[in-house]
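What the coordinates show
The residues making up each chain are set out below.
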Amino acid sequence: MAELSDKEKKVLDLLLEHIYFEIFCIEQGERDKGRLDYSLCSDDDEKQTITTKKVQKFKKRISKCNPIIAGYLNALTTPDPLNTEFEELRENITKNFLLTEYYELFEELVKIDIKDLERYKFESVIESLGYDYKLLKDFVQGVCDVNSYYTYKSFIDIPNDSELNYDKVVKKLNDAFFKLEAFMSGTINDYKHFDFNTAFTELFYFTRKSENYNYENCKRVGQYWGLTDQIRVDYDKTNFENAKAYNNKAFCHDCDVITAIAWHRLEEFISFQTPDEVEEQTRKKSISDLMRPTSINPVIVKVENTNNTENSEKEENPYPRIFTSNKAFDKFNKLLDEFGNTKENLVNYSFVFHRMKRDELIYDDFQKLQFTYFLLKFEINIDRIKPMKEIGKLEYRESIYMKTK
C-alpha cells in the first residue's frame with residue numbers, strides 16, 4: 001500500500017484514538033471488577049482459585065471470538081521474531097485491521113472535515129455512514145480479552161526457568177527500576193520495555209520458598225511496594241525531570257503496569273508484612289500521637305457547629321472527595337463555562353487539573369486517571385492528562401483561569 005497522505009494519517013490517528021479510549025475504558029472496568037472479586041476472598045487459596053477461573057474464562061472467550069478478528073488476535077498472541085514491544089505490535093495490528101476491514105469507511109472519512117468527526121460520538125458517525133460498528137466493537141473487546149488473559153495468567157505462572165533463583169529475580173528487578181528511574185531523570189536517553197508483572201510474580205513465588213522466607217526478604221517486598229507507589233505518584237504528577245519520557249511508549253506502558261501493580265496486587269504485598277509493620281498499622285492510636293511536637297506551629301481553626309453550614313457545603317460541593325471546598329467546585333464550574341467542550345479538551349482540562357492542584361483546590365491524592373473519568377460526567381472525553389510542559393499557550397489559559405473568581 002502506498003504511503004498515506006497527511007489527511008489520511010490524521011484520520012487513521014483519530015480512529016486509533018477512539019479504539020484506544022474504548023480499550024482503556026473496558027480494561028479499567030475489568031480491573032475494578034477484579035479488585036472487587038479479590039476483596040471478597042478470605043485467603044490466598046481462594047484468590048488463586050478466582051484467578052485460575054478468570055484465566056480460563058478469557059481463554060475461552062478468545063477461542064470463541066468472531067472468526068474475522070481471530071487472525072488479528074492470533075497475530076497479537078504469537079511470539080514476534082523481531083521482539084516488537086507489545087504497544088507497537090498492537091498499534092500495527094490495529095492499523096492493519098482498520099485498513100483491511102474498514103477501508104471503504106476510511107476512504108469516506110478522509111473526505112470529511114475532521115472537526116465534524118470530533119463533534120459526534122464515533123459509533124454514531126460510523127453507523128450514519130452505513131457501516132457496521134459491531135465488528136470494530138468485537139475487535140476492541142478481543143484485544144482487551146487478550147490483555148486480561150495475560151495479566152491474570154502472570155499472577156499464577158510459576159517460573160519454568162530452572163536457573164532462576166531469588167537473587168537473580170531481585171537483581172533483575174533492581175536493574176529494571178534503576179533504568180526506569182535513570183530515564184525519568186534524563187540520565188539515559190532511551191528506555192526499553194521490562195515485564196514488571198512477571199518479575200513480581202517471580203518475586204512473590206521465590207520469597208515464599210522456605211529458604212527465602214525471612215524477615216529481611218519480607219521487608220524487601222514491602223520496600224518494593226513503596227517504590228511502585230512512588231513511581232505511580234511521580235508518573236501521575238509528572239514529578240520527574242525528563243518530560244519527554246511521555247513520548248516513549250514502552251516507558252508509559254511500564255509505568256501504567258507499575259501503577260496497576262501498586263493498586264491491584266496490594267493484597268499480595270500485604271501478605272509479606274513483617275510483625276513490626278502489622279503492629280504499627282493495628283496498634284491503638286492515642287491523642288498523644290497527635291500532640292507530638294512538630295516543626296510547624298499549630299493553626300487554630302474556628303469551626304462553627306451549625307447544621308446549615310454543613311448542609312450548604314454538601315449541596316454546593318457535590319464532589320467532596322475531589323474538590324477541597326465549595327469555592328473550589330464553583331471555580332471548576334466557571335472553568336467549564338470558559339473552556340467548554342472543544343477540540344482542545346485535552347490541553348484545556350490538563351491545564352485545569354494541574355493548575356487547580358497547584359492552588360490546592362483539588363486534593364493532592366486525586367489522580368490524573370480519576371480526573372479523566374470524572375470529566376466524563378460533563379461529556380468531556382480525554383484519554384490522559386498532558387504534562388504541564390506540553391500544554392502550550394499557558395499565558396492565554398492562565399488569563400482565563402485568573403478571571404474566574
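To be clear, the structure that these remarks concern was listed above.
Residues take numbers from 1 onward in each chain, read along the sequence in its written order. Under the rules for a predicted model, residues below a pLDDT of 70 receive no local features and side-chain atom pairs below 80 are neither given nor counted, while totals for whole chains, interfaces and linings still include all residues. To obtain the side-chain values, all non-hydrogen atoms of the structure were included, while hydrogens and water were left out.

Concerning the packing of helix α10 (residues 196-207) against helix α12 (residues 249-264)
- One can describe the packing of α10 onto α12 by two numbers: an axis separation of 9 Å at closest approach and a directional angle of 35°. Contacts between α10 and α12 pair F196, N197 and F200 from the former with D254, V257, I258 and I261 from the latter.
- Each residue is assigned to one of three groups, with Ala, Val, Leu, Ile, Met, Phe, Trp, Tyr, Cys and Pro labelled nonpolar, Asp, Glu, Lys and Arg labelled charged, and all others, Gly among them, labelled polar. A breakdown of the residues in the contact of α10 with α12 according to their chemical character gives five nonpolar, one polar and one charged. Interaxial angle, 0 to 180 degrees, is taken between N-to-C directions of lines fitted to C-alpha atoms, where a helix line uses only the stretch in contact. Helix and strand definitions here come from DSSP, where helices need a minimum of 4 consecutive H or I residues and strands a minimum of 2 consecutive E residues; each element is numbered from the N-terminal end. By definition, residues are in contact when any of their heavy atoms lie within 4.5 Å.

A word on the pattern of salt bridges
- In the sections that follow, a salt bridge refers to a side-chain nitrogen of Lys or Arg positioned within 4 Å of a carboxyl oxygen of Asp or Glu. Counting across every chain of the model gives 14 salt bridges.
- The residue E216 makes a salt bridge to R220 at a minimum N-O spacing of 3.6 Å. Taken together, the positions of E216 and R220, both in helix α11 (residues 215-237) and four residues apart, correspond to about one turn of that helix.
- Relative accessible area decides the class of each residue, using a 1.4 Å probe on protein chains only: under 20% of the type maximum gives buried, over 50% gives exposed, and in between gives partly exposed. You can call R220 partly exposed: its relative accessible area is 22%.
- The structure contains a network of salt bridges with shared partners spanning E91, K95 and K249.

So, the environment of D234
- Within the secondary structure, D234 sits in helix α11.
- Remark: the alpha-carbon pair of D234 and M184, spanning 50 residues in sequence, is separated by 9.3 Å.
- With residues near it in sequence (within four places) discarded, D234 still touches M184, N239 and F240.
- The definition of a polar contact used here is a pair of N or O atoms within 3.5 Å, where within protein one atom must be able to donate a hydrogen and the other to accept one, and adjacent residues in sequence count solely through side-chain atom pairs. Among the polar contacts made by the side chain of D234, one reaches the side chain of Q230 at a distance of 2.8 Å.

Description of the nonpolar core
- Only buried residues count toward a nonpolar core. Its members are Ala, Val, Leu, Ile, Met, Phe, Trp, Tyr and Cys residues joined through side-chain atoms within 4.5 Å. Within the largest apolar cluster, 41 residues are counted, with the highest numbers of intra-cluster contacts made by F97, L98, F106 and L136.
- Of all elements in the fold, only α1 (6-39), α2 (44-63), α3 (67-77), α4 (86-101), α5 (103-110), α7 (122-128) and α8 (134-156) reach the threshold of two or more residues within this core.
- Per-element tally for this core: the top contributor is α8, with ten residues.
- By size, the runner-up hydrophobic cluster in this structure holds 35 residues, among which are V169, L180, Y246 and I261.

Quick word on unusual backbone geometry
- Positive phi values are uncommon outside glycine, yet E360 reaches one of about 60°.
- With respect to the secondary-structure elements, E360 resides in the loop between α18 (345-358) and α19 (368-375).
- Non-glycine residue E379 carries a positive phi angle of around 60°.
- Considering the arrangement of structural elements, one finds E379 in the loop between α19 and α20 (394-403).
- Relative accessible area serves as the criterion here: at 63%, E379 is assigned to the exposed category.

As for α19
- Where α19 is concerned, the buried positions are K368, F371, T372, F374 and L375. Down the axis of α19, the buried set is contained in an arc of 160°. They therefore lie on one face. Directions drawn from the helix axis to the C-beta atoms are what define this arc.

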